Amino acid sequence: MRSIRLRRPLVTLALLTIGAVGATACGTGTAAQVGSDNRERAERAERVSEAWDGSEAAKTWREGYFPLDDPVRLPEDAFHNHADKLAYQTRNLELRGKLPDSSAKQGKIRWRAGGVLTVSIDSARTSYEGLAQGKDTRAALVVTGARLGATTLLTSRGPATVPAWHFTLKGYDTPLIRVAVAGPAKPPKSPIKSLTLPSDELWPLAGLVSVSKDGRRVTVRAHHGACDDGPMVDVRESAGSVVLSGWIHGRSDGPCTSNLLAKKVTVKLDRPVGERLLLDAYTGRPVPYKN
């Protein structure tokens, strides 16, 4: 297997005190490829890959709608100023217009590689409320209207065109877009059990951040502590899956605070992800998208 390690220096990370495994904070850095020959990680990754290969869970994952991307697309010129950016980050939106009462209850997801799925779609009001969760409208982004359209989203079956609401923002030439699909199906049960005790040699990943447009670079958040050299991620590729194994490098043996951190780690693949499953070696499940 290959592994990716983050070099230092890195931007300052927020510290989150935990008992075992808890919420994470995000950092960034540049990645450099190094070697890894840990037998424990390699064998676990192989077992996970083989368990999913040809399984009913894999079939369900490839036939359903499981998004691996942010359901929101910002305007092309976002944002004009810090106030607007802060308004979006705090979800402070104000409606000064009428949202359409669309009669469409269903829409179609169309995959680039082929295949169509009919799904239930949210109303404009439901999608708007999913965006406008803040309570302070004194410095809000102003929504003046909406129309039903589409957007492109990365899913478990590759890129797809998905129904989406396009919200018009005052002062912006392009819309704020939110996927209108009522919700993904419940993920299938994994054909292999999760491990139960993290160690320096294998940790669960904190979530999928992004996949590059060419499908060759996958960015995840990987855990580490306050007294080590940072996280690393091993990669095992096969015809049906990409198994990612997160682990911690260079932990100190001295006294250390019990903080759990996470940094973004980008791994390079030999070929595009395509319809292959992105799996976490520790949990034995697909790596969930978390924005």
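Above this note sits the structure.
Residues numbered from 1 in each chain as written. Predicted model: local features only at pLDDT ≥ 70, side-chain atom pairs only at ≥ 80, totals over all residues. Heavy atoms only, no water.

### Concerning the overall build of the protein chain
In step 1: In terms of regular secondary structure, the protein chain is built from 4 helices and 16 strands.
In step 2: The 291 residues of the protein chain split such that 46% are buried.
In step 3: Contacts in the protein chain between residues at least 24 apart in sequence constitute 75% of all its contacts with a sequence separation of at least 6. (Helix = DSSP H or I, 4+ residues; strand = E, 2+ residues; numbered from the N terminus. Buried < 20%, exposed > 50% of the residue type's maximum accessible area, 1.4 Å probe, protein only. Contact = heavy atoms within 4.5 Å.)

### Some points on the side chain of His 223
In step 1: Looking at the secondary structure, you find His 223 in strand β12 (residues 217-224).
In step 2: For His 223, a relative accessible area of 5% translates into the label buried.
In step 3: A distance of 2.9 Å separates a polar atom in the side chain of His 223 from the backbone oxygen of Pro 204. (Polar contact = N/O pair within 3.5 Å; in protein donor to acceptor, adjacent residues only side chain to side chain.)

### Structural notes on the packing of aromatic side chains
In step 1: Counted by the stated rule, this structure contains 4 aromatic pairs.
In step 2: For the ring pair Trp 61 and Phe 66, a centre distance of 4.4 Å and an interplane angle of 15 degrees mean the geometry is stacked. The same class applies to Trp 61 and to Phe 66, which are both buried.
In step 3: Ring centres of Phe 79 and Tyr 172 lie 6.4 Å apart, and the angle between their planes is 80 degrees; on these two criteria the pair is classed as edge-to-face. (Phe/Tyr/Trp six-rings, centres within 6.5 Å; stacked < 30°, edge-to-face > 60°.)

### So, the environment of Trp 52
In step 1: Looking at where Trp 52 falls in the secondary structure, it is placed in helix α1 (residues 39-52).
In step 2: Other than its neighbours up to four places away in sequence, Trp 52 contacts Ala 57, Ala 58, Pro 188, Ser 190, Pro 191, Ile 192, Leu 277, Leu 279, Gly 284, Arg 285 and Pro 286.

### Describing the nonpolar core
In step 1: With 32 residues, the main nonpolar core has Trp 52, Leu 208, Val 218, Val 233, Leu 244 and Val 267 as its most contacted residues.
In step 2: Ignoring anything within four residues of it in the chain, the contact list for Leu 244 reads Leu 205, Val 218, Val 220, Val 233, Asp 234, Val 235, Val 267, Leu 279, Asp 280 and Ala 281.
In step 3: Counting 20 residues, the second largest nonpolar core, distinct from the first, contains Ala 124, Val 143, Leu 169 and Tyr 172. (Core = buried A, V, L, I, M, F, W, Y, C linked by side-chain atoms within 4.5 Å.)

### A word on unusual backbone geometry
In step 1: Here Ala 78 and Phe 79 are connected by a cis peptide whose omega angle stands at -5 degrees.
In step 2: Positionally, Phe 79 belongs in the loop between β4 (72-73) and α3 (82-89).

### Some points on the pairing of strand β6 (residues 106-111)
In step 1: Judged by which residues are buried, β6 turns out to be one-sided: Gly 107, Ile 109 and Trp 111 face inward and are buried, whereas Gln 106, Lys 108 and Arg 110, on the alternate face, are not.
In step 2: Across 5 bridges, β6 lies against strand β7 (residues 116-120) in antiparallel orientation. Bridging from a neighbouring strand, Lys 108 pairs with Thr 118 of β7.
In step 3: As consecutive antiparallel partners, β6 and β7 are separated by 4 residues, and within that stretch Gly 114 has a phi angle of approximately 115 degrees, a positive value.
In step 4: Sheet topology note: the β6/strand β9 (residues 158-169) ladder contains 2 bridges and is antiparallel. Bridge pairing in β9 links Trp 111 to Ala 160. (Pairing = 2+ DSSP bridges.)

### A look at the pattern of salt bridges
Between side chains of opposite charge, a pair can form when the charged atoms approach closely.
In step 1: In this structure the tally under the stated criterion is 5 salt bridges.
In step 2: Measuring nitrogen to oxygen at the nearest pair gives 2.6 Å for the salt bridge that ties Glu 201 to Arg 41. Linking Glu 201 in the loop between β10 (176-179) and β11 (207-211) with Arg 41 in helix α1, this pair joins segments that are 160 residues apart in sequence.
In step 3: As a salt-bridge pair, Glu 237 and Arg 276 come within 3.0 Å of each other at their nearest N and O atoms. Taken together, the residues Glu 237 in strand β13 (residues 231-237) and Arg 276 in the loop between β15 (259-268) and β16 (277-280) connect sequence positions 39 residues apart.
In step 4: A residue is classified by how much of its surface remains accessible, and Arg 276, at 6% relative accessible area, is buried. (Salt bridge = Lys/Arg side-chain N within 4 Å of Asp/Glu carboxyl O.)

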